[in-house]
Amino acid sequence: MNRLVVSPSPHDENYLKTSMIMLNVIIALMPALCAGVYFFGWRALALTAVCVLSCVVFEFLCRKIMKRENTIGDLSAVVTGVILAMNLPVTLPLWIAAIGSFVAIVIVKQLFGGIGQNFANPAITARIVLMVSFPSAMTNWVLPAKFGVDAVSGATPLRLVGMTADELAKAGQTVPGYKELLLGNTAGCLGETCALALLIGGLYLAARRIISLAAPVSFIGSLALLSLIHGDDPLYQILAGGVFLGAFFMATDYATTPISTKGKVIFGLGCGIITFVIRAFGSYPEGVSFSILLMNVLTPYIEQMTRTKVFGAKEAVKE
Amino acid sequence: MKKLNGIRLDHRKNTENSATVDFPLPAKVRIPMSMHMGAPCQPIVKVGDEVKVGQKIGDSDAAFSAPVHSGVSGKVTAITDYRSAMGAVCKAVEIETDGFQTVSEEVVPPVVTDKESFLKAVRESGACGLGGAGFPTHIKLNPKTPIDTLIVNAAECEPYITADYREMIECPDDIIGGINLVKNMLGIKNCKLAIEANKPEAIKNFTEMAANDDTIDILTLPSKYPQGAEKVIIYNSTGRIVKEGELPSDEGVIVINVSTVAFLYRYVQTGMPLVTRRLTVDGNAVAEPKNVRVIIGTSFRELLEFCKTDIDAIRKLIGGGPMMGMSIPDIDMPIVKTSNAVLAVKKYDQRKTSSCIRCGRCVRVCPLGLMPADIDRAYRIKDIEELKKLKVMLCMNCGSCTYVCPANRKLAETNQLAKALIPRK
């Protein structure tokens, strides 16, 4: 007889592993990625491939240099790569995308200890770093074009809605309707334009119980409410820009958002408020990335405030 | 009322329809002197002594203990040192059976007239919690505070185990008799028999049996692990919260296992102490999983062979259920009073642990609202103040956190290790 294995209970486990969770996130990102490829052409796919590949390579090298266990098998680097690509304009030079991957994987993730240890969302931080480092390349928006036709540059929906009639005529564009915003037939980052595809992906993750809808709902809800109060069109505000991508795929990141439902709601509210303030009063037309990054930084404090109440626990007597 | 968190497990109650079979008399038994929570007993027999069925062979002066009896007639061949699966060390009495099963003169129905005589009888029966914890029953039934509700724990929330279920199907009269006995002797007004929803037949039977008795409520609890944990079953059946540092009796409740209560009834009728028990034998190395009534002290090996187990293929042996059962290090160890199941598993992969991804699943499943991921972090940096704030001492080691962890972190184990860091007052 073999020697018996002796280990502490429980002796049973469920089979949802980290890599499976990440695989589900990748599946959920596929509709939006397909929409991006449909609207912006094959270059969208090439850009995504570069991001994913460079993220995985950076993760592999980083772990090797740090003499740590190889973690590319958990697929989290692939998720970061896809989300990063979706946060980039399709015209971005590939080498800049690779720099983004470096920032996301090496600086934000691995230098803080790897998966689960980073305090800020890698893809969001990389987007912001690229935005301030390569402002013109990062805002070189193009209108969706048919395959084989040269892309025409154009302004994003959030820019357009702030323009006067004269400016619109000069740009030769009109303010897109809800249908265009929903389907993604507008200028913007390659993965953020199609709100419908992002919604499908987000609901898939919620149905698989991978994410909770607390943060997305409070994020989108508070942004819509504040826009309404401010006199903006709330539906336009939530469909345009990166709200759905941010709300469903980045404000639900495990490592950088609170664990408790109450904390998630607070996180979402904060994102909604900051996004609104930047959009309405800031010089940037878009504020989703900044709002999520700022709330990432606040997450440890939110966590402290929203600790679960332990069943039957007595409060410590103050001395 | 909001119920506490729990997880849905695959029930795998393969043996629920297999009627209990009696294990043939073993050639030899080894009976440990500590099969309960509390002080171990000292042997009161010597090597060479003749013993009979039901004869007391070990006892202790300590209040928090329970005596030990022989389940066979025969000759004491050795008194050896024994280390239990928990790691506790005590003596064990080895008895070679003579095959006659002569019943001892000590076995006479006890005279039970009031609380005092009842508790004395319970102590002499050697009863301890048969659900697995082994808390001496005579201590449990003698609380310092007044009790208004008796909760009979028939949740049996662990996968595989059907021993309590078979008790409910095969001996329902003993259970009702035991409930009335305890209620009358201790002057408890109400009883709640709490059964998990995955045992509809038992629920139906008892609802019919207790139809005319408005002091016995039959409760259906959701089939969510760990429904049978003491604090969980108290809250889910009465809404009362057993606070930190309190006993169930402080909230006016006693929780007793369904098989224990049936045993008490039989003991008062016959005077035969706790020398046999029913247990479920299952696991993928067992060709014929079944419920077996077995004499305490029989070795796991013999029992597993009886159930046509491929002994050579066993990789892991679990005494109890897969969630809270103990790893048994040696197949020749004896079955004890608290063994409610034995699972023989063929394949067992040592899990590879990876980094916490902070998904929060452990927090969501903890029935007590603890934060195992945070406890894990505080434990690794030995932050005792933080561990106290996180109330790690309340963890009951149900194992739900480890079960759901996608990174395979051994959170329940860490909780137990973290408890050891906190100095006892």
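About the cut-offs
Residues numbered from 1 in each chain as written. Chains lettered and ligands numbered in written order. Predicted model: local features only at pLDDT ≥ 70, side-chain atom pairs only at ≥ 80, totals over all residues. Heavy atoms only, no water. Helix = DSSP H or I, 4+ residues; strand = E, 2+ residues; numbered from the N terminus. Rg over C-alpha atoms; globule rule 2.2 N^0.38 Å. Buried < 20%, exposed > 50% of the residue type's maximum accessible area, 1.4 Å probe, protein only. Contact = heavy atoms within 4.5 Å. Areas by Shrake-Rupley, 256 points an atom, 1.4 Å probe, with all protein chains shown as cover. Pairing = 2+ DSSP bridges. Buried area = accessible area lost by both parts, 1.4 Å probe. Salt bridge = Lys/Arg side-chain N within 4 Å of Asp/Glu carboxyl O. Polar contact = N/O pair within 3.5 Å; in protein donor to acceptor, adjacent residues only side chain to side chain. Nonpolar A, V, L, I, M, F, W, Y, C, P; charged D, E, K, R; others polar. Core = buried A, V, L, I, M, F, W, Y, C linked by side-chain atoms within 4.5 Å. Phe/Tyr/Trp six-rings, centres within 6.5 Å; stacked < 30°, edge-to-face > 60°. Lys NZ or Arg CZ within 6 Å of the ring centre and 35° of its normal. Axes fitted to C-alpha atoms, helices over the stretch in contact; angles between N-to-C directions.

Novice: Just checking my understanding: could you explain the overall build of chain B for this structure?
Specialist: Helix and strand counts for chain B come out as 13 helices and 17 strands. Over its C-alpha atoms chain B spans a radius of gyration of 21 Å, differing by no more than 12% from the 22 Å that the globule rule assigns to 425 residues. Based on the C-alpha atoms only, the size of chain B along its principal axes is roughly 60 × 55 × 45 Å. Residues counted as buried form 61% of the 425 residues belonging to chain B. When contacts within chain B are restricted to residue pairs at least 6 apart in sequence, those whose partners lie at least 24 apart make up 73%. For chain B, the computed accessible surface area is about 17000 Å², with 52% contributed by carbon and sulfur atoms.

Novice: In this structure, what is going on with the sheet that holds strand E3 (residues 42–43) of chain B? I would like to understand it.
Specialist: Hydrogen bonding along the main chain pairs the strands of a sheet, whether they run parallel or antiparallel. Residues and elements named next belong to chain B. Taking strand neighbours across the sheet as the criterion, the three strands line up as E3-E5-E6 in an open arrangement whose pairing is antiparallel. At either margin of the open sheet sits one strand with a lone partner, and together these are E3 and strand E6 (68–69). Summarising the sheet, E3 and strand E5 (residues 56–59) pair through two bridges and their orientation is antiparallel. Across the sheet, Gln42 pairs through a bridge with Asp59, a residue of E5.

Novice: Just to check I follow, could you spell out helix H6 (residues 230–238) of chain B for this structure?
Specialist: For the α-helix, the turn length of 3.6 residues means that residues three or four positions removed from each other point alike. Residue and element names in this part refer to chain B. Of all nine residues in H6, seven are buried; the element is thus mostly enclosed. When H6 is considered as a whole, its buried residues turn out to be Lys231, Val232, Ile233, Ile234, Tyr235, Asn236 and Ser237. Summarising the contacts, the buried residues of H6 are in contact with strand E9 (149–154), strand E10 (190–196), strand E11 (216–221) and strand E12 (253–257). Phi for Gly239, located one or two positions after H6, is positive at around 80°.

Novice: Teacher, can you tell me more about the interface of chain A and chain B here?
Specialist: The parts lose accessible area when they come together, and the size of an interface is often stated as this lost area. Contacts between the two partners involve 39 residues from chain A and, on the opposite side, 61 residues from chain B. Contact between chain A and chain B buries roughly 4500 Å² in total, counting both sides, with carbon and sulfur atoms accounting for 53%. Linking chain A with chain B are five salt bridges. Here B:Arg358 ties to A:Glu303 by a salt bridge, and the two come within 2.9 Å at their closest N and O atoms. For the pair chain A and chain B, the number of links is 20 residue pairs in polar contact (both at pLDDT 80 or more). Secondary structure elements with two or more residues in the side of chain A that touches chain B: helix H1 (18–40) and helix H15 (288–305) of chain A. Here the residues of the side of chain A that touches chain B sort into 17 nonpolar, 12 polar and 10 charged.

Novice: Help me out: how do you make sense of helix H13 (residues 243–250) of chain A in this one?
Specialist: Buried residues dominate H13(A), accounting for eight of its eight residues. Buried residues of H13(A): A:Val243, A:Phe244, A:Leu245, A:Gly246, A:Ala247, A:Phe248, A:Phe249 and A:Met250, and no others.

Novice: In this structure, what is going on with unusual backbone geometry? I would like to understand it.
Specialist: The phi torsion of most residues other than glycine is negative, and most of the peptide bonds are trans. In the segment running from A:Ser9 into A:Pro10, the intervening peptide bond is cis, with an omega of -5°. With an omega of -5°, the peptide bond between B:Tyr225 and B:Pro226 qualifies as cis. Positive phi, close to 55°, is recorded for A:Lys67, a residue that is not glycine. Along the polypeptide, A:Lys67 turns up in the loop between helix H2 (42–65) and helix H3 (76–86). You will see that B:Asn408, though not glycine, has its phi angle at about 60°, which is positive.

Novice: Would you mind going over the nonpolar core with me for this structure?
Specialist: Across soluble globular proteins, nonpolar side chains show a tendency to be buried alongside one another. Ranked by size, the top nonpolar core spans 83 residues in total, and within it A:Leu88, A:Leu92, A:Phe244, A:Phe249 and A:Ile292 carry the most contacts. Counting residues per element, this core draws most heavily on H1(A), at 12 residues. Non-local contacts of A:Phe249, meaning those with residues more than four positions away in its chain, are made with A:Val25, A:Ala28, A:Leu29, A:Ile83, A:Leu198, A:Gly201, A:Gly202, A:Leu205 and A:Phe244. Core analysis: the second largest hydrophobic core is formed by 81 residues, B:Cys90, B:Ile176, B:Ile195 and B:Leu279 among them.

Novice: Is there a simple way to think about the packing of aromatic side chains in this case?
Specialist: Aromatic ring pairs are described here by two measures, namely the spacing of the ring centres and the angle between the planes. Here the structure, examined in full by the defined rule, presents 11 aromatic pairs over all chains. Relative to A:Phe290, the ring of A:Tyr284 lies with its centre 5.3 Å away and its plane at 50°, an arrangement referred to as tilted. When its relative accessible area of 36% is taken as the criterion, A:Tyr284 is described as partly exposed. A relative accessible area of 19% places A:Phe290 in the buried class. The interplanar angle of 80° and the centroid separation of 5.1 Å between the aromatic rings of B:Phe23 and B:Phe306 together place this pair among those described as edge-to-face. On the criterion of sequence distance, the pair formed by B:Phe23 in the loop between strand E1 (21–22) and strand E2 (28–32) and B:Phe306 in helix H8 (residues 300–306) is long-range, its members being 283 residues apart. Given a relative accessible area of 12%, B:Phe23 falls into the buried group. For B:Phe306, a relative accessible area of 23% corresponds to the partly exposed category. Lying over the aromatic face of B:Phe306, B:Lys290 brings its terminal NZ or CZ to 4.9 Å of the ring centre.

Novice: Would you explain the environment of A:Val52 in this entry?
Specialist: Its place among the elements puts A:Val52 in helix H2. Remark: the alpha-carbon pair of A:Val52 and A:Val243, spanning 191 residues in sequence, is separated by 22 Å.

Novice: I keep staring at the sheet that holds E10(B) and nothing clicks. Help me out?
Specialist: All names here are of chain B. Read from one edge of the open sheet, four strands run E11-E10-E9-E12, paired in parallel fashion. Looking at which strands have only one partner, the edges of the open sheet turn out to be E11 and E12. Taking each pair of neighbouring strands and ignoring which way they run, the sheet shows an average axis angle of 25°. Pairing of E10 with E11, which is carried by six bridges, proceeds in the parallel orientation. Looking at the pairing, Lys192 lines up with Asp217 of E11.

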